[in-house]
Amino acid sequence: GAYDIDISLAQASGRVVGVAGSLHDERPALFRYLGEHALTHAAEVLLPAQAAGPVLANTLCTFSMPITALLAPEFLEQARTSSDLSIFSTGRHIDQDDVIALHKHALVVSLTKDSFERCGLEGKPTLFKQNGNPGRRLITLDLATLVAGSKAHTRACEALTRVFPDPLRFAACAATPQDIPAALQAARDYTVVPLSTETTKLNALATPRLSPAVFDSEIALALAEWLGLIACRLSTAERTPDGYTAVYEPPELDAPADWKTTRWTGLLCKSAVAQLVRDARAALQPGQYAAILLWGVQDSPLAFGAEHGFFYGGENHATVVVFADDSYWLLVQGGVCDRLA
């Protein structure tokens, strides 16, 4: 279906927010959004073939530990100084199970109705009421202000233990191994996991003709569809289908040229995503552009600094286009109920 895009106001108006700006801005909105893009599952960079590829600085690890270990004094102390650290409970689904995430010092717990009633902590109703689960609640603990040994700390430990009595499986990411708190590295089954990396050559590819100064909903939609075909490794060539088949109409295209893509899959930290954008821009020659596609974790309770729920597609994602003159376009994709920051 068509996206509802409000480019001029750069506000959520349905499912996509569009932002245009410059990397020379004092505080580019681009990096504000990317800084709130909790739990990036995969990133792909599309560049001219001769451009130097980005170098990704990212550490992904998995481990098992009790939920109370994330509230232990030694972890709280280390987490307060690591704003780039993200943690996610694996093997759980946002539409069925209890899910945990840590992002920017906030421990966010999304609970089913039964688990919330057993927990006993205060929480707010979720916007997502699908699958007959209207009682789901969202609990947020600010680890930056939570004092170990305080009544609030003791109550949180007891409440979460009632919901999660057994150790949980987690994944975490940060820029370097040194940025992973020692309390996590000492956890059971701690393992550093390399990101899956795939590079694809796209020879004689006709790419959209883009001008940094011309950005509207029609161009944004056409570009998003074209990049989606590239991400899915589908042909962008025009074909003659049967009369009853919907036809994809590509945007205005430049002459074919050689391009390449590199995709990283796993769990990417915020600084790594921001550096991908900077590296892609640095690799461009005058008149060129690059595209960065980001996919969020489907079962994350957070997206862009706000609540995220469950959908079958088109949620928790972002597309960035950077130009050689330091202009950029940003498309932030969310579901109908997502609160896009």
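Residues numbered from 1 in each chain as written. Predicted model: local features only at pLDDT ≥ 70, side-chain atom pairs only at ≥ 80, totals over all residues. Heavy atoms only, no water.

Caption draft 1: Representation of the overall build of the protein chain in the model. Of regular secondary structure, the protein chain possesses seven helices and 18 strands. In the protein chain, which comprises 341 residues, the proportion classed as buried is 53%. In the protein chain, 75% of the contacts between residues at least 6 apart in sequence involve partners at least 24 apart. Element-wise, carbon and sulfur atoms account for 52% of the exposed surface of the protein chain, whose accessible area totals about 15600 Å². (Helix = DSSP H or I, 4+ residues; strand = E, 2+ residues; numbered from the N terminus. Buried < 20%, exposed > 50% of the residue type's maximum accessible area, 1.4 Å probe, protein only. Contact = heavy atoms within 4.5 Å. Areas by Shrake-Rupley, 256 points an atom, 1.4 Å probe, with all protein chains shown as cover.)

Caption draft 2: Seen up close, the nonpolar core. Core analysis: the biggest nonpolar cluster contains 49 residues, and Leu47, Leu268, Ile292, Val320, Val322 and Leu330 have the highest contact counts within it. At five residues, helix 7 (residues 270-282) tops the list of elements feeding residues into this core. Among all residues touching leucine 47, those that are not within four sequence positions of it are Ala52, Gly53, Pro54, Trp259, Lys260, Ala280, Ala283, Leu284 and Ala290. If you look at the next biggest cluster of nonpolar residues, it comprises 37 residues, including Leu70, Leu76, Ala156 and Ile180. (Core = buried A, V, L, I, M, F, W, Y, C linked by side-chain atoms within 4.5 Å.)

Caption draft 3: Main features of the side chain of aspartate 326. Structurally, aspartate 326 is set in the loop between strand 17 (317-323) and strand 18 (327-333). Within the structure, the side chain of aspartate 326 is placed 2.6 Å from the side chain of histidine 24, a separation counted as a polar contact. Look past the residues within four positions of aspartate 326 in its chain and what remains in contact with it is Gly21, Ser22, Leu23, His24 and Arg281. (Polar contact = N/O pair within 3.5 Å; in protein donor to acceptor, adjacent residues only side chain to side chain.)

Caption draft 4: Molecular detail of the sheet that holds strand 10 (residues 168-174). Pairing is antiparallel in the open sheet, where eight strands are placed in the order 8-9-7-6-5-10-4-11. Each edge of the sheet is formed by a strand with only one pairing partner; in this case those strands are strand 8 (124-125) and strand 11 (188-193). Strand direction decides the pairing type here: strand 4 (residues 59-65) and strand 10, joined by seven bridges, are antiparallel. Bridging from a neighbouring strand, phenylalanine 63 pairs with phenylalanine 170 of strand 10. (Pairing = 2+ DSSP bridges.)

Caption draft 5: Representation of the confidence of the model for the protein chain. Scored by pLDDT, the protein chain has a mean of 84; 84% of the residues are at 70 or more. Within the protein chain, helix 4 (residues 151-163) carries the highest mean pLDDT (96), whereas strand 1 (residues 5-6) carries the lowest (41). (pLDDT = per-residue confidence, 0-100.)

Caption draft 6: Fine view of the state of the cysteines. With the rule as written, the count across this model stands at zero disulfides. For cysteine 61, which is in no disulfide, the shortest distance to another cysteine sulfur is to cysteine 173 and amounts to 8.2 Å. For cysteine 61, a relative accessible area of 0% corresponds to the buried category. The thiol sulfur of cysteine 269 is not disulfide-bonded, and the nearest other cysteine sulfur, from cysteine 173, lies at 5.5 Å. Using a relative accessible area of 0% as the deciding quantity, one classes cysteine 269 as buried. (Disulfide = S-S within 2.5 Å.)

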